[in-house]
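# Per-entry structural report
Here is how the chains run, residue by residue.
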Amino acid sequence: MTPFMQALQAKKAFGKATPEPKKEVKAIPKVAKKRAKDNREYAKVSRPVWKGKLCQIRSPVCTKHAEGFNHAGGKETKEKLLDIANGQAACNACNEYCEQHHEWAVKNGLRIKRNT
Ligand SMILES: [Zn+2]
């Protein structure tokens, strides 16, 4: 008899089985603790660069007001994340547009090709 069938038999024998206590579900963190710390530092450094400024990318979907920072050289390391000289103030729409239209971004100097 399979374990499933055994469990089914046990259920029948003792009437309604008591529900199992719910296991505590822990959410997987979206960023590692180390990256979260870097992000807080990044927020302090980058906010003066874009807050209250106009978007410098001006893609076809631009909303004009900067909401963040576009990392032209990527942000996979802490050094690149905090490299404010290598990027510009950007609205979220433009930042997303650069992600979706890589060739356009490279052509306009908004992304640096990393695989050359
Ligand atoms: Zn924009």
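Residues numbered from 1 in each chain as written. Predicted model: local features only at pLDDT ≥ 70, side-chain atom pairs only at ≥ 80, totals over all residues. Heavy atoms only, no water.

### A word on helix H4 (residues 92–100)
Listed as buried for H4 are Cys94, Asn95, Tyr97 and Cys98. Summarising the axial view, the buried residues of H4 lie within an arc of 160°, below the 170-degree limit, and thus occupy one face. Every exposed residue of H4 that faces more than 90 degrees away from the buried side is listed here: Glu99 and Gln100. The inward-facing, buried residues of H4 contact strand E1 (68–71), strand E2 (87–90) and helix H5 (102–107). (Buried < 20%, exposed > 50% of the residue type's maximum accessible area, 1.4 Å probe, protein only. Helix = DSSP H or I, 4+ residues; strand = E, 2+ residues; numbered from the N terminus. Arc of directions from axis to C-beta. Contact = heavy atoms within 4.5 Å.)

### Some remarks on the packing of aromatic side chains
For the structure shown, the criterion picks out one aromatic pair. Between Tyr97 and Trp104, the aromatic rings sit 4.9 Å apart at their centres with planes inclined by 90°, giving edge-to-face as the arrangement. Judged by its relative accessible area of 16%, Tyr97 is buried. A relative accessible area of 22% places Trp104 in the partly exposed class. (Phe/Tyr/Trp six-rings, centres within 6.5 Å; stacked < 30°, edge-to-face > 60°.)

### A few points about the side chain of Asn95
In this fold, Asn95 is placed in helix H4. If near-sequence neighbours (up to four positions away) are discounted, Asn95 is found in contact with Phe69, Asn70, Ala90 and Arg111.

### Quick word on the nonpolar core
In terms of nonpolar packing, the biggest core is built from eight residues, these being Cys55, Ile57, Ala90, Cys91, Cys94, Cys98, Ala105 and Leu110. Not counting chain neighbours up to four residues away, the residues in contact with Cys91 comprise Cys55, Cys62, Thr63, His65, Ala66 and Glu67. Counting seven residues, the second largest nonpolar core, distinct from the first, contains Tyr42, Trp50, Ala66 and Ile84. (Core = buried A, V, L, I, M, F, W, Y, C linked by side-chain atoms within 4.5 Å.)

### What about the coordination of the zinc ion?
Taken together, the protein ligands of the zinc ion are Cys55 (SG), Cys62 (SG), Cys91 (SG) and Cys94 (SG), with distances of 2.1 to 2.3 Å. Around the zinc ion sit four donor atoms; with metal-centred angles ranging over 101 to 115°, the donor geometry is tetrahedral. In the primary sequence, the donor residues of the zinc ion line up as C-x6-C-x28-C-x2-C. Placement of the pair is Cys55 in the loop between helix H2 (33–50) and E1 and Cys94 in helix H4, with a sequence separation of 39 residues. (Donors = N, O, S within 2.8 Å, 3.2 Å for Na, K, Ca; no water. Tetrahedral: all angles 85-135°; square planar, octahedral: opposite > 155°, others 65-115°.)

### So, the confidence of the model for the protein
Averaged over all residues, the pLDDT of the protein equals 90, while 95% of them reach at least 70. Mean pLDDT per element in the protein: helix H1 (residues 3–13) is the minimum at 82, and H4 is the maximum at 96. (pLDDT = per-residue confidence, 0-100.)

### Topic: the pattern of salt bridges
This model, assessed by the stated rule, comprises five salt bridges. Here Glu41 and Lys78 are joined by a salt bridge, their closest N and O atoms 3.3 Å apart. Here Glu41 is found in helix H2, whereas its partner Lys78 is found in helix H3 (residues 78–81), with 37 residues between them in sequence. For Glu41, a relative accessible area of 35% translates into the label partly exposed. One salt bridge connects Glu99 with Arg111, and the closest N-O pair in it is separated by 2.8 Å. (Salt bridge = Lys/Arg side-chain N within 4 Å of Asp/Glu carboxyl O.)

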